[in-house]
Amino acid sequence: MKEHLRYPHCSKPYQRIGYTAFGQGGEIAVQICATVTLIGGCCAYILIAAQSLARFLYLETGTDVVEYRSCVAIMAVVFLLVLIFGAGKESLIVAIIATVLSIIFTIIIFCGIIMTGKPDNFQPYHVSSSGASWNWLGISKLA
């Protein structure tokens, strides 16, 4: 028997496993866990993006013109718009725009790192060689 006929396409494999193992209660439990995990990841992503936006605006303007809370709202609206307009036929366009912007921002960040260089008061961190092989394990060398 051909493999693609033996194992048909399943759009929700984890929910299918939950249903197979524990019935409808298992399917619902897996769906709840997957949803909570994805919501947590999305919230963390929005907070990180908002923090980056707030820091960027602070460095560019020199003042706290836009607060962190406002940046969270701005990023939430931006991601919501991408979500709404990124569904369906337009998803290829959204993916291309996201990829191009990621490349541009990576280049900008890399150029900023190169142009910034080391600060004038840079002091290298000194690591003692005695017992260094044991310190990474959290074990101090016995005398």
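Placed above this text is the structure.
The rules we used
Residues numbered from 1 in each chain as written. Predicted model: local features only at pLDDT ≥ 70, side-chain atom pairs only at ≥ 80, totals over all residues. Heavy atoms only, no water. Helix = DSSP H or I, 4+ residues; strand = E, 2+ residues; numbered from the N terminus. Contact = heavy atoms within 4.5 Å. Areas by Shrake-Rupley, 256 points an atom, 1.4 Å probe, with all protein chains shown as cover. Axes fitted to C-alpha atoms, helices over the stretch in contact; angles between N-to-C directions. Parallel < 35°, antiparallel > 145°, perpendicular 65-115°, else oblique. Left-handed = near helix turned anticlockwise from the far one by under 90°. Nonpolar A, V, L, I, M, F, W, Y, C, P; charged D, E, K, R; others polar. Core = buried A, V, L, I, M, F, W, Y, C linked by side-chain atoms within 4.5 Å. Buried < 20%, exposed > 50% of the residue type's maximum accessible area, 1.4 Å probe, protein only. Patch = residues over 30% accessible without salt bridge, like charges linked within 9 Å, V, L, I, M, F, W, Y side chains within 5 Å. Salt bridge = Lys/Arg side-chain N within 4 Å of Asp/Glu carboxyl O. Phe/Tyr/Trp six-rings, centres within 6.5 Å; stacked < 30°, edge-to-face > 60°.

Visitor: I keep staring at the overall build of the chain and nothing clicks. Help me out?
Guide: On a plain count of helices and strands, the chain comes out with six helices and zero strands. Secondary structure of the chain in N-to-C order comes out as α-α-α-α-α-α. A sequence separation of at least 24 residues applies to 22% of the contacts in the chain between residues at least 6 apart. On the chain, roughly 12600 Å² of surface is accessible, and the fraction owed to carbon and sulfur atoms is 70%.

Visitor: Honestly, the packing of helix 2 (residues 13–22) against helix 3 (residues 24–61) in this entry has me stumped. Any pointers?
Guide: To characterise two packed helices, one gives the angle between the axes of the helices and the distance between these axes. Two elements in contact, helix 2 and helix 3, have axes separated by 6 Å at closest approach and are oriented at 150°. In terms of orientation, helix 2 and helix 3 fall into the roughly antiparallel class. Read as a crossing pair, helix 2 and helix 3 show a hand that is right-handed. Here Y14, Q15, G18, Y19 and F22 of helix 2 come into contact with helix 3, specifically with Q24, G25, G26, E27, V30, Q31 and A34. When grouped by side-chain class, the residues that make up the contact of helix 2 with helix 3 number five nonpolar, six polar and one charged.

Visitor: I keep staring at the nonpolar core and nothing clicks. Help me out?
Guide: The biggest cluster of nonpolar side chains holds six residues, and these are I46, A49, A50, A54, C71 and M75. Where this core is concerned, the elements lending two or more residues are helix 3 and helix 4 (68–85). Ranked by the residues each element gives to this core, the list is headed by helix 3, at four residues. If sequence neighbours within four positions are ignored, I46 has contacts with V72, M75, A76 and F79.

Visitor: Could you clarify how one ought to interpret a nonpolar patch on the surface in this entry?
Guide: Together, L92, I93, I96, I97, V100, L101, I104, F105, I108, I109 and I113 line one region of the surface with nonpolar side chains, adding up to about 1100 Å² of accessible area. With respect to the helices and strands, the residue V100 is situated in helix 5 (residues 91–116).

Visitor: Is there a simple way to explain the side chain of Q15 in this structure?
Guide: Among the structural elements, Q15 can be located in helix 2. Its relative accessible area of 9% is what places Q15 among the buried residues. Leave out the neighbours within four places in its chain, and Q15 touches E27, V30, Q31 and A34.

Visitor: For this particular structure, what's the right way to read the packing of aromatic side chains?
Guide: Think of a pair of aromatic rings as described by two things: how far the centres are apart, and how the planes are tilted against each other in angle. The final tally for this structure, using the stated rule, is one aromatic pair. Both rings, one in Y45 and one in F79, keep their centres 5.3 Å apart while their planes meet at 45°; by these two values the pair is tilted. Taken together, the residues span a long stretch of sequence, with Y45 in helix 3 and F79 in helix 4 at a distance of 34 residues.

Visitor: How should I be thinking about the pattern of salt bridges in this particular structure?
Guide: A side chain of one charge can pair with a side chain of the opposite charge when the charged atoms of the two come close. Inspection of every chain in the model, using the stated rule, returns one salt bridge. In this structure, the salt-bridge partner of R69 is E67, at a minimum N-O distance of 2.8 Å. Since its relative accessible area comes to 42%, E67 is described here as partly exposed.

Visitor: Please explain the packing of helix 3 against helix 4 as it appears in this structure.
Guide: Where helix 3 meets helix 4, the closest approach of the two axes is 8 Å, and the angle between their N-to-C directions is 125°. Between helix 3 and helix 4, the interaxial angle falls into the category oblique. In this structure, helix 3 crosses over helix 4, and the sense of that crossing is right-handed. Judged by residue contacts, Y45, I46, L47, A49, A50, Q51, L53, A54 and L57 of helix 3 engage Y68, C71, V72, I74, M75, A76 and F79 from helix 4. Its residues placed into classes, the contact of helix 3 with helix 4 shows 15 nonpolar, one polar and no charged.

It is worth stressing that arrangement in space is one thing and function is another; only the former is reported here.
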